[in-house]
Amino acid sequence: MKILKRILIGTVLIILFGGILSVTNSSIQLDNSILINTEAERAYNSISDFSQFSKWSPFLVSDPQQKNWTTGMNGAVGSRFHWKSVAEAGEGFQELVEADPNSSVRIRCTITKPFESSPEFLYTISETTENTLKIKQSFEMQCSALDKLMMSIFGITSEIEETNRLGLNRLKQLLEK
């Protein structure tokens, strides 16, 4: 009877802890940066103009048959890059929500499949030396504390960071051609 009581108390505590985590707001924040030998205008245009995104998108590496298209005026706030994955069953769009020419670009992603999420990317461009730029990518995704914990346990946060680094490396390859 004592063992049953302890199991019951343990189960209740786990359920309470999980319940609290599921309603507590949190976020995942990841920062990556890379040095690229190019001009600020060229880097800015490659990031803000969605007609160029498929040239450095990390997602096309794992899903080269992905369907994508742009809407709006490329490089202008409100323009969008839409995607429909073939290999990964994902779907959504990213929208240019803020742009400071040759300095920064903020992009909001709206993922609709296989789950719903709205992470944001902020790209900051700063000159380190003549024709060498530091491009910092800040990723933020709002989620519950439970989601954050589960994403960490199952390696999803690491996968996101790896994908983000791949994108920056592909951007570097494109810009240093």
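All of the points below concern the structure found in this document. These numbers were taken from a predicted model, which means no experiment stands behind them. (Residues numbered from 1 in each chain as written. Predicted model: local features only at pLDDT ≥ 70, side-chain atom pairs only at ≥ 80, totals over all residues. Heavy atoms only, no water.)

### Concerning a nonpolar patch on the surface
- Among the surface-exposed residues, Leu149, Met150, Ile153, Phe154 and Ile156 lie close enough to one another that they form a single nonpolar patch of about 470 Å² accessible area.
- If you tally residues by element for the nonpolar patch, the top one is helix H4 (residues 145–153), at three residues.
- Relative to the helices and strands, Met150 resides in helix H4. (Patch = residues over 30% accessible without salt bridge, like charges linked within 9 Å, V, L, I, M, F, W, Y side chains within 5 Å. Areas by Shrake-Rupley, 256 points an atom, 1.4 Å probe, with all protein chains shown as cover. Salt bridge = Lys/Arg side-chain N within 4 Å of Asp/Glu carboxyl O. Helix = DSSP H or I, 4+ residues; strand = E, 2+ residues; numbered from the N terminus.)

### Describing the nonpolar core
- Counting 32 residues, the largest nonpolar core has Ile47, Ile107, Tyr123, Ile125 and Ile135 as its most contacted members.
- Only strand E1 (25–37), helix H2 (40–48), strand E3 (80–84), strand E5 (104–113), strand E6 (120–129), strand E7 (132–144) and helix H5 (156–175) provide two or more residues apiece to this core.
- Once you skip the residues sitting within four places of it in the chain, Ile107 turns out to touch Ile47, Phe50, Gln94, Glu95, Leu96, Val97, Pro119, Glu120, Phe121 and Tyr123. (Core = buried A, V, L, I, M, F, W, Y, C linked by side-chain atoms within 4.5 Å. Buried < 20%, exposed > 50% of the residue type's maximum accessible area, 1.4 Å probe, protein only. Contact = heavy atoms within 4.5 Å.)

### Examining H4
- Capping of H4 at its N-terminal end is provided by Ser144; its side-chain oxygen lies 3.0 Å from the backbone amide nitrogen of Asp147.
- Looking one or two residues past H4, Gly155 carries a phi angle of roughly 80 degrees, positive in sign. (Polar contact = N/O pair within 3.5 Å; in protein donor to acceptor, adjacent residues only side chain to side chain.)

### Here's the deal with the side chain of Ser85
- Secondary-structure assignment places Ser85 in the loop between E3 and strand E4 (91–100).
- A polar contact is formed between the side chain of Ser85 and the side chain of Asp63, at a distance of 2.4 Å.
- Once residues within four sequence positions are removed from consideration, Ser85 is found in contact with Asp63, Gln66 and Gly90.

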